[in-house]
Amino acid sequence: MARYTHIAFVLSFTVLGWFRANAQEIGFTATVDRTSIAAGEQLKLTVNLSNSREPFEAPSFGGLVVVQGPFENSSFNYVNGRMSSSLGRTWVLTSTKPGTYTIGAAKVRIGGGVVQTEPITIEVTKGSAPPSDAASRQGQDRDANLFATISLSKDKAFVGEQVIATYTLFSRYNSIELSKYELPKMDGYWAEEIDLGNTGWEEGLRTVNGIQYRVAILKKQVLFPQRGGQLSIAPMELTCVVNRSFFNRGSSINIRSNAATLTARALPAAPPPDFRGAVGDLTMSVTTDRTRVKANEAIELTLTYSGKGNLRLLDTPKLEFPNDFESYDPKVTDKISVNSGGMSGSRSYEFLVIPRHEGTFPLDPITFTYFDTGSDSYRTITAPPIEIEVSAGDGSSAAAIQRPNKTEVEVLGKDIRYIRTGDLQLRPKGQHLFGSAAWITGMSTPALALLLFVAWRRKHARDEQDVSGMRRKQADRIVKKRLSEAAKALQGNDREAFYTALGKALHGYLSDKFTLGHAETNAERIRASFTRFENGASVAEEYISLMEAADMARYAPVEDRPRQQLYDEAASLIGRTEQIFRA
């Protein structure tokens with residue numbers, strides 16, 4: 001019995017010694033291939049656990065960004081009766097900005113205790129690569145794996161000068177879905193959407209501070225600042241679901257982009273008298289279909305502005321024709337494209353004029369002044385002179401008009417004239433035309449007509465000086481024209497043209513009715529403008545809702561209601577507004 005006890009004691013001591021020997025060989029280390037890098041460069045961190053199969057806890061990276069990993073490797077050896085094993089994990093890390101970073105301790109629980117590695121200090125110096133833009137750096141600082149940016153093609157521009165705004169999504173996730181997309185709010189801009197077609201991820205990867213991303217352009221806009229000062233675009237907000245698969249519902253991540261700011265510079269003071277807000281690099285041409293016509297025959301005069309600039313914001317030119325010419329409102333033809341290079345193309349005004357009398361008529365010189373963004377100065381273009389030769393029309397009213405010729409008075413004779421006798425249609429005594437009601441009416445009518453004409457001219461002059469009043473009076477006529485354009489686009493199933501025309505109709509109508517600038521037709525000003533009317537608050541909210549729905553459908557692939565319904569609501573609301581003003 002003692003012998004067996006001795007053998008058991010020897011075996012127990014041997015096994016305990018073997019475990020102690022192996023326990024002494026357990027190793028747990030963290031190493032890096034270098035402790036100093038430049039911003040954007042990479043280093044490798046390796047954590048290795050030997051002779052233990054216990055799971056270990058990864059260290060904190062102290063602000064360093066994981067570019068790749070972890071990559072896991074393991075090994076198991078049995079040599080000369082001795083077993084050894086190793087489990088290692090490797091991460092590729094980088095930093096987006098200079099500084100001192102500390103990689104924390106990795107931890108593993110062995111037996112009843114905890115073994116941990118030593119912390120590692122990493123020095124990051126300024127990188128030699130060109131720095132990324134501020135918007136990307138800010139987004140990367142918030143979340144190095146997923147962020148969005150709003151970037152402007154320039155940070156300073158003149159009022160009316162076009163600026164390209166780009167909305168971009170950066171992602172390092174293999175799977176990502178955009179579930180919610182809220183348009184940024186802006187104030188002080190006129191915006192035109194750029195059609196990007198079927199948007200998706202760019203083919204290549206883009207590197208930001210040493211980290212590669214998949215990149216998608218969410219949308220682009222051409223912005224025209226409408227007033228001077230600091231103009232901002234509020235942050236864009238998105239909700240994305242990442243890493244969704246058949247077995248995984250994924251994780252929802254909320255993203256908030258940067259806010260973009262533009263310094264809008266006012267145009268130089270004292271512009272030429274005929275300057276009407278055109279800004280860019282523009283030209284003008286004037287053509288007529290003919291310069292020799294007969295009276296009462298029509299002439300087409302076409303005035304075309306072309307180039308690169310705010311073409312859709314140009315006002316209709318005011319041309320002066322001779323008094324003998326009858327003119328009509330021009331037909332406007334746009335050949336304008338909006339792309340990543342901005343707005344360019346041409347806008348033509350076709351004037352129909354009809355000369356009523358024969359003669360030679362020189363037209364007043366046609367000038368066009370715009371602000372040239374290339375030279376930062378006003379430029380005036382003058383068209384070559386045009387002379388219209390009008391001949392008498394065949395059988396026309398113009399041909400029947402005979403103008404008196406200046407001739408000497410001809411003496412007919414000095415003898416006694418023959419006195420007519422017979423039916424002289426004499427009136428009874430006391431019945432004279434002079435002093436009668438007919439005579440008084442005939443004599444006073446020209447004077448009264450002259451007084452009425454003078455009064456009308458004075459009222460017309462006052463109305464022309466009252467710009468606000470003229471805008472209010474013409475608001476109904478202009479909005480009907482724009483609604484007609486929206487109706488044509490609706491029938492033609494032209495989505496972009498419909499929402500553009502509807503947006504211009506609503507914004508333009510409120511702008512004219514309340515004498516507001518384009519940039520002032522925001523929710524706050526609309527509510528304030530309707531406060532003086534009964535039930536004005538509800539009408540204002542209807543306008544705001546309609547405009548937001550039109551803008552949402554115009555700037556994003558989202559339509560919350562049918563286009564016909566939007567059109568009917570807009571027409572009905574404008575009709576009710578006219579009744580409110582007449583009440």
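Here the structure is shown first, and the text comes after it.
This section reports on the structure supplied with the text.

Thresholds applied
- Residues numbered from 1 in each chain as written.
- Predicted model: local features only at pLDDT ≥ 70, side-chain atom pairs only at ≥ 80, totals over all residues.
- Heavy atoms only, no water.
- Helix = DSSP H or I, 4+ residues; strand = E, 2+ residues; numbered from the N terminus.
- Buried < 20%, exposed > 50% of the residue type's maximum accessible area, 1.4 Å probe, protein only.
- Pairing = 2+ DSSP bridges.
- Salt bridge = Lys/Arg side-chain N within 4 Å of Asp/Glu carboxyl O.
- Axes fitted to C-alpha atoms, helices over the stretch in contact; angles between N-to-C directions.
- Core = buried A, V, L, I, M, F, W, Y, C linked by side-chain atoms within 4.5 Å.
- Contact = heavy atoms within 4.5 Å.
- Patch = residues over 30% accessible without salt bridge, like charges linked within 9 Å, V, L, I, M, F, W, Y side chains within 5 Å.
- Areas by Shrake-Rupley, 256 points an atom, 1.4 Å probe, with all protein chains shown as cover.
- Arc of directions from axis to C-beta.
- Parallel < 35°, antiparallel > 145°, perpendicular 65-115°, else oblique.
- Left-handed = near helix turned anticlockwise from the far one by under 90°.
- Nonpolar A, V, L, I, M, F, W, Y, C, P; charged D, E, K, R; others polar.

Turning next to the environment of K294. Note on placement: K294 falls in strand β23 (residues 292-294). Of the residues examined, K294 reaches a relative accessible area of 32% and is grouped as partly exposed. Put simply, K294 and S391 are 97 residues apart on the chain and 4.6 Å apart in space, counted from C-alpha to C-alpha.

What follows concerns the pairing of strand β31 (residues 387-391). Only one face of β31 is buried, namely the one carrying I388 and V390, since none of E387, E389 and S391 on the opposite face is buried. Alignment of β23 against β31, held across three bridges, turns out to be parallel. In the sheet register, K294 faces β31, and the bridge partner there is S391.

Evaluated as defined, the whole model comprises eleven salt bridges. A salt bridge links R256 to E237; its shortest N-O distance comes to 2.5 Å. Here E237 lies in strand β19 (residues 237-242) and R256 lies in strand β20 (residues 251-256), a separation of 19 residues in the sequence. Salt-bridge contacts for R292 lead to E389; the nearest nitrogen and oxygen are separated by 3.4 Å. With a gap of 97 residues between them, R292 in strand β23 and E389 in strand β31 connect regions that are remote in the sequence.

Strands sit in the order β2-β10-β7 across an open sheet of three strands; the sheet is mixed. The two strands at the open ends of the sheet, each matched to only one other strand, are β2 (36-38) and β7 (99-103). Each strand axis lies, on average, 25° off the axis of its neighbour in the sheet, ignoring direction. Inspection of the sheet shows β7 paired to strand β10 (residues 120-125) by five bridges, in the antiparallel sense. Across the sheet, the residue bridging to G99 is V124, located in β10.

What follows is about the nonpolar core. Core analysis: the biggest nonpolar cluster contains 34 residues, and M284, V286 and I388 have the highest contact counts within it. Of all the secondary structure elements, the ones that give two or more residues to this core are β15 (189-194), β17 (211-225), β22 (275-288), β24 (299-309), β26 (331-339), β27 (342-355), β29 (367-372) and β31. Beyond its immediate stretch of four places on either side in the chain, M284 contacts L303, T304, Y305, I366, T367, F368, I381, T382 and A383. Counting residues in each nonpolar core, the second largest holds 33 residues, with A489, I526, Y543 and A570 among its members.

Strand pairing in a sheet takes place through backbone hydrogen bonds and is either antiparallel or parallel in direction. Read across the sheet, three strands follow the order β4-β8-β9 without closing on themselves; strand pairing throughout is antiparallel. Looking at the sheet topology across the chains shown, the edges are occupied by β4 (56-57) and β9 (113-116). Pairing between strand β8 (residues 107-110) and β9: four bridges, direction antiparallel. Across the sheet, the residue bridging to V108 is V115, located in β9.

A surface patch of nonpolar side chains, about 410 Å² in accessible area, is lined by L450, F453, V454 and W456. The topology assignment puts W456 in helix α4 (residues 437-465). Judged by its relative accessible area of 47%, W456 is partly exposed.

Attention shifts here to unusual backbone geometry. Even without being glycine, N296 reaches a positive phi, approximately 75°. Mapping N296 onto the fold places it in the loop between β23 and β24. Overall, the relative accessible area of 28% leaves N296 in the partly exposed class. Positive phi, close to 55°, is recorded for N493, a residue that is not glycine.

Along the chain, V479 falls in helix α5 (residues 467-491). Overall, the relative accessible area of 2% leaves V479 in the buried class. It is 9.8 Å that separates the C-alpha atoms of V479 and A501, two residues lying 22 residues apart in sequence. Every residue in contact with V479, bar those within four places of it in the chain, is listed here: A505, Y509 and I574.

A few words now on helix α2 (residues 134-142). Within the span of α2, buried status applies to A135, S136, G139 and Q140. What you see down the axis of α2 is that its buried residues fit within an arc of 130°, all on one side. On the buried face of α2, the contacting elements are β11 (146-152), β13 (163-171), β16 (206-208) and β17.

Here the focus is the packing of helix α6 (residues 495-513) against helix α9 (residues 563-582). Where α6 contacts α9, the two axes come as close as 11 Å, and the packing angle between them is 15°. The orientation of α6 relative to α9 falls into the category roughly parallel. When the axes of α6 and α9 are compared, the crossing they make is left-handed. On the side of α6, the interface is formed by R495, F498, Y499, L502, L506, Y509 and K513, while α9 contributes R563, L566, Y567, A570, I574, T577, E578 and F581. Taken together, the residues that form the contact of α6 with α9 break down as ten nonpolar, one polar and four charged.

Of note, V32 is situated in strand β1 (residues 27-32). Taking the C-alpha atoms as reference, V32 lies 8.9 Å from V47; in sequence the two are 15 residues apart. Residues in contact with V32, not counting those within four places in the same chain, are L43, K44, L45, I103, I120 and I122.

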